[in-house]
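Next come the chains, spelled out residue by residue.
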Amino acid sequence: MTQRSITDEDGATSMIEYVTITGILVVLLVITMFAVNAVFMEGPANKLAYHSFVDIGNGLSTRVVDVYMIAPDNGTIATEFDIPDDVAGQDYAVDLDGSGGDQVVMISRGDIRSRIAIAGIGATMGVTGSTTGGGINRIVYNSSGV
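Since we're looking at a predicted model, the values are computed, not measured. (Residues numbered from 1 in each chain as written. Predicted model: local features only at pLDDT ≥ 70, side-chain atom pairs only at ≥ 80, totals over all residues. Heavy atoms only, no water.)

(A) The arrangement of the side chain of Ser-108 in detail. The topology assignment puts Ser-108 in strand β3 (residues 104-109). In this structure, Ser-108 is in contact with Phe-53, Tyr-92, Ala-93 and Arg-113, ignoring residues within four places of it in sequence. (Helix = DSSP H or I, 4+ residues; strand = E, 2+ residues; numbered from the N terminus. Contact = heavy atoms within 4.5 Å.)

(B) Layout of the side chain of Asn-137. Assignment of secondary structure puts Asn-137 in strand β6 (residues 136-142). Classification of Asn-137 by relative accessible area gives buried; the value is 6%. In this view, Asn-137 contacts Thr-79, Glu-80, Phe-81, Ile-83, Thr-131 and Thr-132; residues no more than four positions away in its chain are not counted. (Buried < 20%, exposed > 50% of the residue type's maximum accessible area, 1.4 Å probe, protein only.)

(C) Structural view of the sheet that holds strand β5 (residues 129-132). In space, the four strands of this open sheet follow the order β4-β3-β2-β5, with antiparallel pairing throughout. With one partner strand each, in any of the chains shown, β4 (112-117) and β5 form the two edges of the open sheet. Taking each pair of neighbouring strands and ignoring which way they run, the sheet shows an average axis angle of 15°. Judged from the four bridges that link them, strand β2 (residues 93-97) and β5 form a sheet pairing that is antiparallel. Considered in β5, the bridge of Val-94 is made with Thr-131. (Pairing = 2+ DSSP bridges. Axes fitted to C-alpha atoms, helices over the stretch in contact; angles between N-to-C directions.)

Encoded structure:
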């Protein structure tokens, strides 16, 4: 058996190999961290926000229809209600819009939007207004249309 001696080149080659492999693994780790945030955190949070917006819109639509059903022929009726202050830790906006013939509740935050139709009152009662989730909200019906 012949014995081979280790030279300076062999030591440098091993070190360059370890540094190269470590660099590649660090780059892959950074890429993975960005992908994990987008896939496992932002995606489900946006899906949760959308479904929460649909639930809030359905509840608000129901409240508007309930006020319409018990509204007096002459006079005013008002009701107060509470909706969640935030969804997935962020604020959102609620808009009631009657333009274009459809009465809708639009709930949005950034590029996440939910449109819920207010069923049954579109032709007879105009619904307008906007609010946010913070605090107590009011629905007011006035038979004079003001």
